[in-house]
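Residues per chain are reported as follows:
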Amino acid sequence: NLISNALKFSRPDIPSIIIITSRIVKGKKIDNEKLSPEKNYCHITVKDNGNGIPQQVVEKIFQPFFTTKPTGQGTGLGLSLSYEIIKAHGGDIKVDTKEGEYTEFHIALPVP
């Protein structure tokens, strides 16, 4: 979902770039107060150079049925399902974005 959204909301004036990284780190190394500081996590980032997310909707993007698309063109379930799957595995997801420049998702999944 994160990759398909990055492509859907890409900027027409520049080539789309999507960067995905992953590494194993302690929770204290990730900027997320919901994580256990001493537990190991797989920290995955997905960053694009697309349109970014307007600040007025950032807080709503993980809510079920929230969409910025016209009626009938999106269910608003993609990010909410991603959020629920990550939570069900004991992880968390956060977003960092700047409108007109980029969006970067930070996913943390516990490592057994």
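The numbering scheme is per chain: residues are counted from 1 as the chain's sequence reads. This being a predicted model, a pLDDT of at least 70 is required before a residue's local features are given, and a value of 80 or more before pairs of side-chain atoms are given or counted; all residues contribute to the totals for chains, interfaces and linings. Processing note: side-chain calculations cover all non-hydrogen atoms of the structure and skip hydrogens and water entirely.

Caption draft 1: Helix H3 (residues 78-88), seen in detail. Along H3, the residues classified as buried are Leu 79, Ser 80, Ser 82 and Ile 86. Buried residues of H3, seen end-on, are gathered within an arc of 160° and therefore sit on one face of the element. Opposite the buried face of H3, by more than 90 degrees, sit the exposed residues Ile 85 and Ala 88. Numbering of helices and strands runs from the N terminus; a helix is a DSSP stretch of H or I covering at least four residues, while a strand is a stretch of E covering at least two. Count one or two residues on from H3 and you reach Gly 90, which has phi positive near 80°. Here the term buried applies to any residue with accessible area under 20% of the maximum for its type, exposed to any over 50%, and partly exposed to those in between, with areas from a 1.4 Å probe on protein chains only. Arc definition: directions from the helix axis to the C-beta atoms.

Caption draft 2: Summary view of the confidence of the model for the chain. Confidence scores per residue from the predictor, reported as pLDDT, run from 0 to 100. The share of residues in the chain with pLDDT of 70 or more is 96%, and the mean pLDDT across the chain is 92. Within the chain, no element has a lower average pLDDT than helix H1 (residues 2-8), which sits at 91, and none a higher one than strand E2 (residues 40-48), at 98.

Caption draft 3: Highlighting unusual backbone geometry. The residue Phe 65 is not glycine, and still its phi comes out positive at about 70°. The residue Phe 65 is located in the loop between helix H2 (55-58) and H3 in this model. What makes Phe 65 exposed here is its relative accessible area of 62%.

Caption draft 4: Structural view of a nonpolar patch on the surface. Patch building starts from residues that exceed 30% relative accessible area and form no salt bridge, then joins like charges within 9 Å and nonpolar side chains (Val, Leu, Ile, Met, Phe, Trp, Tyr) within 5 Å. Calculation of accessible area relied on Shrake-Rupley with a 1.4 Å probe; when residues are assessed, cover is drawn exclusively from the protein chains displayed. Take a side-chain nitrogen of Lys or Arg and a carboxyl oxygen of Asp or Glu: if they are within 4 Å of each other, that pair is a salt bridge. Together, Ile 3, Leu 7 and Ile 20 give the surface a local cluster of nonpolar side chains, amounting to about 280 Å² of exposed area. Secondary-structure assignment places Ile 3 in helix H1. On the accessibility criterion, Ile 3 (43% relative accessible area) is partly exposed.

Caption draft 5: How the structure looks around the sheet that holds strand E1 (residues 18-26). Should DSSP find at least two bridges between two strands, the strands are regarded as paired. The strand order across the open sheet formed by four strands is E1-E2-E4-E3, and the pairing between neighbours is antiparallel. Two strands close off the open sheet at either side, each with one partner strand: E1 and strand E3 (92-98). Along the sheet, successive strands turn relative to each other by an average axial angle of 15°, direction set aside. Summarising the sheet, E3 and strand E4 (residues 102-110) pair through seven bridges and their orientation is antiparallel. Within the sheet, the bridge partner assigned to Asp 92 lies in E4 and is Ala 108. For helices, the fitted line uses only the C-alpha atoms of the stretch in contact; every axis is such a line through C-alpha atoms, and the angle between N-to-C directions lies from 0 to 180 degrees.

Caption draft 6: Region of the structure containing the environment of His 89. Structurally, the position occupied by His 89 is in the loop between H3 and E3. Given a relative accessible area of 55%, His 89 falls into the exposed group. Considering only alpha carbons, one finds His 89 and Pro 110, 21 residues apart in sequence, at a separation of 7.6 Å. Contact definition: two residues touch when any of their heavy atoms are within 4.5 Å. Not counting residues up to four positions away in its chain, the partners in contact with His 89 are Leu 109 and Pro 110.

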